[in-house]
Amino acid sequence: MDLQALLDGIVAELAERRGEGKVADYIPQLAKVDPHQFGIAVTTVDGKVYEAGDAAVPFSIQSISKVFMLTLALGKVGEALWRRVGREPSGTAFNSIVQLEHEHGIPRNPFINAGAIVVCDLVLAGYKPKEAIGEFLRFVRSLADDDTITIDKAVAQSETATGYRNYALANFMRSFNNLQHDVDHVLGVYFHQCALAMTCRQLSRAGLFLAARGADPIGGYSVVSEKRARRINALMLTCGHYDGSGDFAFHVGLPGKSGVGGGIMAIAPGKASIAVWSPGLNKVGNSALGTVALEMLASRTGWSVFGA
Ligand code: DON
């Protein structure tokens, strides 16, 4: 299989559709991004990297960061994490508050905003917010084997200034004692985590351990156990696209995590880690062209977890 030709083909076929979807504007800094950009990168478990389009342009990874923060939190507190966050798809928007009251402040899963905020609270234990953010950044840099990765401070500030809904979610959970730290501190970690800027190339490299049974096949070390990698992939498949998760499984058939910056990280277990980016979003807040590109890639490679 000629993966480079496959990616070049996808970029060429989607050229006329660049700009489709709607760029997220509830975070003012994201509204400034040129919607015509499109990048894709694949890192295979045998260490080869393929890329096409704007794969070297950094973008705001937003909710994709939740996969890395969850990995860090599981390393820190282990299975105890699941006493405070569920593992079921929500069927509601990423920033929805409705289920929280019925379910006593326990978020449905770690990828909706409420769940990711609890995960930040867990990572914050024993740290000042800046130290927790520093640990997170070091972790992602080590996964991507790239120390140039940074947090976009303008995006973090923009979201801090307008994140009313996340403040509401955090305060609500605090009232149920499902946050142990100061709401401002927890959200400080969360907003900075979401503001991580990465290229498709860096992101596909950082996700490689999830395609390779929890180990980094290039660095030759274990990141998480095989069982944990399998479980993180299961959560990405069932919850990674919020109320669009079923449709993503139907069309693409890979564990994936989206972000409102227009990125998607997808995992083909045993084969490769994939990152795609196009800023325009579909109705449920996932990259419109990114989803189309992944559907093309999965069908042409036969990589769907449900069979070729
Ligand atoms: O908290 C927020 O709303 C954003 N920082 C992240 C949301 C996001 O990326 C949802 N994914 N599609």
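The structure presented is a predicted model; accordingly, all values stated were derived computationally and were not measured.

Enquirer: Explain helix α11 (residues 226-239) to me, and be specific about the residues and the numbers.
Expert: In a regular helix each residue adds 1.5 Å, so 14 residues correspond to 20 Å; α11 covers 20 Å between its end C-alpha atoms and thus fits that length. Where α11 is concerned, the buried positions are Arg228, Ala229, Ile232, Asn233, Leu235, Met236 and Cys239. End-on, the buried residues of α11 take up no more than an arc of 160°, which puts them together on one face. On its buried face, α11 sits against α2 (65-77), α10 (208-211), α12 (245-251), β8 (256-258) and β9 (263-268).

Enquirer: Give me the lowdown on the UniProt feature "binding site: substrate" (unreviewed entry) in the chain, citing residues and values where you can.
Expert: According to UniProt, the feature "binding site: substrate" (unreviewed entry) maps to Ser63, Asn113, Glu159, Asn166, Tyr190, Tyr242 and Val260 in the numbering used here. Discounting residues that sit within four places of it in the chain, asparagine 166 has contacts with Asn113, Ile117, Glu159, Leu187, Tyr190 and Phe191. Mapped onto the fold, valine 260 is located in the loop between β8 and β9. The class for valine 260 is buried, based on a relative accessible area of 8%.

Enquirer: Account for the side chain of arginine 205, naming residues and giving values.
Expert: Within the fold, arginine 205 resides in helix α9 (residues 200-206). On the basis of relative accessible area, arginine 205 is assigned to the buried category, the value being 9%. A polar contact is formed between the side chain of arginine 205 and the side chain of aspartate 216, at a distance of 2.9 Å. Beyond its immediate stretch of four places on either side in the chain, arginine 205 contacts Thr43, Leu143, Ala144, Asp145, Asp216, Ile218 and Gly219.

Enquirer: I'd like a rundown of the site of the ligand, residues and numbers included.
Expert: Neighbouring the ligand are 15 residues, the closest being Tyr26, Gln62, Ser63, Glu159 and Tyr190. The contact in question runs from an oxygen atom of the ligand to an N or O atom on the backbone of valine 260, over 2.8 Å. Contact with the protein chains removes 99% of the 340 Å² of surface that the ligand exposes when unbound. Its residues assigned to classes, the shell around the ligand comprises six nonpolar, eight polar and one charged.

Enquirer: Could you give me a rundown of the sheet that holds strand β3 (residues 59-60), with the residues and numbers involved?
Expert: Each strand in a sheet pairs with its neighbour through backbone hydrogen bonds, running either in the same direction (parallel) or in the opposite one (antiparallel). Taken in spatial order, the three strands make up an open sheet running β3-β5-β4, and their pairing is antiparallel. Only two strands of the sheet have a single neighbouring strand rather than two, namely β3 and β4 (150-151). By the bridge criterion, two bridges tie β4 to strand β5 (residues 196-198) in an arrangement that is antiparallel. Looking at the pairing, threonine 150 lines up with alanine 197 of β5. Packing against the sheet, helix α5 (residues 129-144) makes contact with β4 and β5, and its axis sits at approximately 15° to β5.

Enquirer: Mind laying out the packing of aromatic side chains, listing which residues take part and the relevant values?
Expert: A full pass over the atoms with the stated rule returns six aromatic pairs. An angle of 5° between the planes, with centres 5.0 Å apart, marks the rings of phenylalanine 59 and tryptophan 277 as stacked. A residue pair is termed long-range when its members are at least 10 positions apart, and phenylalanine 59 in strand β3 and tryptophan 277 in strand β10 (residues 272-277) qualify at 218 residues. The interplanar angle of 90° and the centroid separation of 5.3 Å between the aromatic rings of phenylalanine 172 and phenylalanine 176 together place this pair among those described as edge-to-face. Following the ring pairs from residue to residue traces out a cluster consisting of Tyr26, Phe94 and Tyr242.

Enquirer: Summarise the sheet that holds β8; cite the residues concerned and give the values.
Expert: The five strands are arranged β2-β1-β10-β9-β8 in an open sheet whose pairing can be described as antiparallel. This sheet does not close on itself; its edge strands, each paired only once, are β2 (49-53) and β8. Going across the sheet, the axis of each strand differs from the next one's by a mean of 10°, ignoring polarity. Judged from the six bridges that link them, strand β1 (residues 39-44) and β10 form a sheet pairing that is antiparallel. Residue isoleucine 40 lies in a different strand from β10, and its bridge partner there is valine 276. Across the sheet, helix α13 (residues 288-301) touches β1, β9 and β10, and the angle it forms with β10 is around 145°.

Enquirer: Please give an account of the pairing of β9 that cites residues and values.
Expert: Residues in a regular strand project their side chains so that they alternate between the two faces of the sheet. Most of β9 is tucked away, with six of its six residues classed as buried. The alternating pattern of β9 places Gly263, Met265 and Ile267 and Ile264, Ala266 and Ala268 on opposite faces, both of which are buried. In this sheet, β9 lies alongside β8 in antiparallel orientation, the contact comprising three bridges. Across the sheet, serine 258 pairs through a bridge with isoleucine 264, a residue of β9. Linking β8 to β9, which pair antiparallel, is a turn of four residues; within it glycine 262 sits at a positive phi near 100°. Here β9 runs beside β10; their pairing, made up of six bridges, is antiparallel. By the bridge assignment, glycine 263 is partnered in β10 with tryptophan 277. If you look at the hairpin formed by β9 and β10, you'll find three residues sitting between the two strands, and glycine 270 has a positive phi there, around 80°.

Cut-offs applied
Residues numbered from 1 in each chain as written. Predicted model: local features only at pLDDT ≥ 70, side-chain atom pairs only at ≥ 80, totals over all residues. Heavy atoms only, no water. Helix = DSSP H or I, 4+ residues; strand = E, 2+ residues; numbered from the N terminus. Expected span 1.5 Å × (residues − 1). Buried < 20%, exposed > 50% of the residue type's maximum accessible area, 1.4 Å probe, protein only. Arc of directions from axis to C-beta. Contact = heavy atoms within 4.5 Å. UniProt positions renumbered as here; feature names shortened; annotations may be inferred. Polar contact = N/O pair within 3.5 Å; in protein donor to acceptor, adjacent residues only side chain to side chain. Near = heavy atom within 4 Å. Areas by Shrake-Rupley, 256 points an atom, 1.4 Å probe, with all protein chains shown as cover. Nonpolar A, V, L, I, M, F, W, Y, C, P; charged D, E, K, R; others polar. Pairing = 2+ DSSP bridges. Axes fitted to C-alpha atoms, helices over the stretch in contact; angles between N-to-C directions. Phe/Tyr/Trp six-rings, centres within 6.5 Å; stacked < 30°, edge-to-face > 60°.

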